[in-house]
Amino acid sequence: MQISLISDRSYYPFSRISRILNMYNFKCAVMPSPTDAYALVDGNSFYASCERVFRPDLTGRPIVVLSNNDGCIVARSREAKALGIPMAAPYHTLRAQLNRQRVAVFSSNYALYGDMSRRMMQVIGEFAVEQEIYSIDECFIRLPTLSDAVQYGRDIRRAVYQRVGIPTAVGIAPSKTLAKLANHLAKQERVFRGVFDWRILDAATATAYLEHTEPAEVWGIGRRLAEKLARHGIVNARQLRDASPASLRRHFGVVVERVARELAGIPSLQLEQVAPPKQQILSSRSFARLTGDYDTLRACVGYHVARAAEKLRAQHSAAAMIGVMLRTNPHRSDQAQYHNYHCQALPTPSADTLLLARAALTSLEAIYLKGYAYQKAGVILSGIAPADTPQPDLFAAAPDPRRQALMRTLDTLNRQHGHGTIRLGAEALSNEWRMRQERRSPCYTTRWDQLPRVD
């Protein structure tokens, strides 16, 4: 038995997907057989949705979120997209237009978004056999064997919205790559009500859809790789799916071969339940305004050391090297340009904030020059290895267990009471370098003094 995939075409007259579906009069089976499947669950317009959770007065109103220093638009609600507001556009060029259109504008509030992400992932994980958190707003899960996976997806959406307040879309498929495509359909076509199971498509329908999907739209295939595929005659996802595995491996490597298998519904990319430790940790940020003040730069470097060391300890690692980078604004032709980087090896691999800060400030002193207006500074930790298997130094003192206990206390206090509760003295030298966040909302869920109030 088959039914028409499109029940009300008036929903989406301008959708490219809809035009394809209508053109081929796509059909689908009523219900797929109960087999194992993957689902990709992601938050719709995640940053904008986080802002709306605590501002019900913004329901139906367009929202945009700005990048660091309120520079560019990095997130748009569905209503903002409908107005034609472009992604990555500089805020200052659209300020007047956004005011006329009553668009709510917010500075990035990473503390809020990170905590809302944690809550959302916890709820989704309750529905999963296995879970892989892929980014701040999306995760893959392996579903149990179900007779009605679509209803299960709707249950996930309902639970996340009721308990966290974030609207989501769920794409279900026999592989992670197809789950990505299914998620896109779930998000774009209202008739699916936020959930789409790729397995309802018959073979002809799935093939026709893949023929109208460019390789660059497939998860794991970037623009440059798509151009290389095109030079070998592969210009759509169907051709990639049907290509010879041996030929794909020979010309493009094992990753592309696995993507092709995934497009054929053969799971070849397993879930990573635990993210692999980072081999390099970078913490940097552009300043709200240019500065040449040395104490301001010391405060900035101290802050980035503390953040990088915290991430290092969170993955139970230690770094063997630390580097400091410093640069002026390369886009200011009216000012003298300078950039430099200094890296040094530590006596023994460490995750100690105080030890790392001492080394970083030494590197800053080595590359700092007076007379320049600096725009950005940062810290890079490298040579990262598990903290419990350090390479000992015959002539270095053994790590002091009291310092290790101090670092654990530092992390606990900052985790419980907010970042910066306990910080390096160098960080207090200046606040002039910090980001411009003129439109940041309160940290509703991570700071006691900014909890929402009901009068």
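Residues numbered from 1 in each chain as written. Predicted model: local features only at pLDDT ≥ 70, side-chain atom pairs only at ≥ 80, totals over all residues. Heavy atoms only, no water.

What about the sheet that holds strand β5 (residues 73–76)?
Stated precisely, the cut-off is as follows: Pairing between strands is defined by DSSP: at least two bridges between the two strands are required. Only DSSP runs of H or I covering at least 4 residues are called helices, and only runs of E covering at least 2 are called strands; the numbering of each starts at the N terminus. Helix axes are fitted only over the stretch in contact, all axes being lines through C-alpha atoms; the angle between N-to-C directions runs from 0 to 180 degrees.
On the basis of which strands lie adjacent, the open sheet formed by three strands has the order β5-β4-β6 and mixed pairing. On the outer flanks of this sheet lie β5 and β6 (104–107), each paired with one strand and no other. Sheet twist, expressed as the mean angle between neighbouring strand axes with direction ignored, is 25°. In this sheet, β5 lies alongside strand β4 (residues 63–66) in antiparallel orientation, the contact comprising three bridges. From the neighbouring strand, valine 64 faces β5, where its bridge partner is arginine 76.

Focus on the pattern of salt bridges
Short version of the rule: The salt bridge criterion pairs a side-chain nitrogen of Lys or Arg with a carboxyl oxygen of Asp or Glu, the two atoms within 4 Å.
Scanning the model with the defined rule gives 22 salt bridges in all. A salt bridge links glutamate 138 to lysine 180, with the shortest nitrogen-to-oxygen separation between them at 3.1 Å. With glutamate 138 in strand β8 (residues 138–143) and lysine 180 in helix α7 (residues 176–188), this pair connects stretches of sequence that are 42 residues apart. Taken together, the shared-partner salt bridges in this structure form one network comprising Glu211, Arg238, Arg241 and Asp242.

Some points on the side chain of serine 283
Note the cut-off: Each polar contact in these results corresponds to two N or O atoms within 3.5 Å; when the atoms are within protein, one needs to be able to donate a hydrogen and the other to accept it, and residues that are neighboring in sequence are counted only if both atoms are side-chain atoms.
Following the sequence through the fold, serine 283 ends up in strand β11 (residues 281–291). One polar contact links serine 283 to histidine 304, side chain to side chain, over a distance of 2.8 Å.

With respect to helix α6 (residues 149–163)
As a reminder of what qualifies: By this rule, a helix spans an expected 1.5 Å times one less than how many residues it contains. Three exposure classes are used, based on accessible area relative to the maximum for each residue type with a 1.4 Å probe and protein chains only: buried under 20%, partly exposed in between, and exposed over 50%. When checking whether two residues touch, look at their non-hydrogen atoms; a contact exists if any pair is within 4.5 Å.
Over its 15 residues, α6 extends 21 Å from the first C-alpha to the last, a length consistent with the 21 Å expected when each residue adds 1.5 Å. Taken together, the buried positions of α6 are Ala149, Val150, Tyr152, Gly153, Ile156, Ala159 and Val160. Where the residues of α6 are buried, they touch β3 (37–43), α5 (110–125), β8, β9 (168–173) and β10 (195–197). Regarding α6, its N-cap is aspartate 148, as a side-chain oxygen of that residue lies 3.4 Å from the backbone nitrogen of valine 150 further along.

Honestly, that's just the spatial picture; any functional story needs more than this.
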